[in-house]
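Reading the structure
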Amino acid sequence: NADYTFVNERLAKHYGIPNVYGPAFRRVTLGKEFDARRGLLGKGAVLTATSLTNRTSPVARGKWVLMNILGTIPPDPPPNVPELQTSANQANGAEAADEVSVRARMEAHRSNPVCASCHRIMDPIGFALESFDGVGTWRTRDGNDRVDPSGTFVDGTKLDGVSSLRETLAQYSDQFVQTVTEKLVIYALGREIDYHDMTAVRSIVREAARQDYRFSSI
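Residues numbered from 1 in each chain as written. Predicted model: local features only at pLDDT ≥ 70, side-chain atom pairs only at ≥ 80, totals over all residues. Heavy atoms only, no water.

A word on the overall build of the chain. Scanning the chain from N- to C-terminus turns up 8 helices and 6 strands. Ordered by position from the N terminus, the helices and strands of the chain form the series β-α-β-α-α-α-α-β-β-β-β-α-α-α. Across the 218 residues that make up the chain, the buried fraction comes to 37%. Residue pairs at least 24 apart in sequence account for 53% of intrachain contacts in the chain once pairs closer than 6 positions are excluded. (Helix = DSSP H or I, 4+ residues; strand = E, 2+ residues; numbered from the N terminus. Buried < 20%, exposed > 50% of the residue type's maximum accessible area, 1.4 Å probe, protein only. Contact = heavy atoms within 4.5 Å.)

Let us look at the side chain of Thr 168. Tracing the sequence through the fold places Thr 168 in helix α6 (residues 162-170). A relative accessible area of 3% means that Thr 168 is categorised as buried. Apart from residues no more than four positions distant in its own chain, Thr 168 is found in contact with Phe 153, Asp 155, Thr 157 and Leu 159.

Burial along strand β1 (residues 4-7) is one-sided: Thr 5 and Val 7 are buried, and none of Tyr 4 and Phe 6, which face the opposite way, are. In terms of strand pairing, β1 meets strand β2 (residues 26-29) through 4 bridges, oriented antiparallel. Considered in β2, the bridge of Tyr 4 is made with Thr 29. (Pairing = 2+ DSSP bridges.)

Okay, the nonpolar core next. Judged by nonpolar contacts, the single largest core of 18 residues is most densely connected at Leu 41, Leu 165 and Leu 169. Of all the secondary-structure elements, those providing two or more residues to this core are α3 (58-68), α5 (113-128) and α6. Take this core: its biggest share by element is 4 residues, from α5. Each residue touching Leu 169, except ones within four places of it in the same chain, is listed here: Leu 41, Val 65, Ile 69, Leu 70 and Phe 153. By size, the runner-up hydrophobic cluster in this structure holds 8 residues, among which are Ala 12, Tyr 15, Val 20 and Val 28. (Core = buried A, V, L, I, M, F, W, Y, C linked by side-chain atoms within 4.5 Å.)

Now for the packing of aromatic side chains. Scanning the model with the defined rule gives 3 aromatic pairs in all. Here the aromatic rings of Phe 132 and Trp 138 are separated by 5.2 Å at their centres, their planes lie at 85°, and the arrangement is edge-to-face. In this arrangement the basic side chain of Arg 27 is found over the ring face of Tyr 4, its NZ or CZ atom lying 3.6 Å from the centre. Here the guanidinium or amino end of Arg 103 rests over the ring plane of Phe 127, the centre of that ring lying 4.2 Å away. (Phe/Tyr/Trp six-rings, centres within 6.5 Å; stacked < 30°, edge-to-face > 60°. Lys NZ or Arg CZ within 6 Å of the ring centre and 35° of its normal.)

See the structure below:
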């Protein structure tokens, strides 16, 4: 939920932040007009890494948030799930898929009961980020449709975009702290962790709480 970010001139232009010049990165405060860029969810690196080469992916973005912020592993897709329609397989001469929003295609995909069970968990998170295109540029339209970032989080909270999603996730700070700790331990050990390691993980979390979860006490 940080109200600042680090940009150089090129990245600032990408985010639409004025008056940043030169190649050096510097810290800038994000005013209300750049509320969408606060925290991890508004960062181009995260938004690009969770997109496909030619479009956004609400599923990939939802899965990333579940796994890396909430520490929740979504269920595997069932076998023989049909692909999301693309311009290459759009049937019956219908409107070209690249002119139809990703959300509209996802809604059609989710109408299959086999697909719906998994998507109801991930998709609302990804839809809340649909105002960012595949490389994290802010947009109001996707194809012929206006972007609709609304949805319902798995706990029943109504979402209407990135800001409400960020506020909702902040209510799960304890899960986020444990998830980050587990991933840092995995990185330090060079292997996956199991239940034998959880005593150490919980100890690190308790110790970090005394320093307000900062990486450094300085």
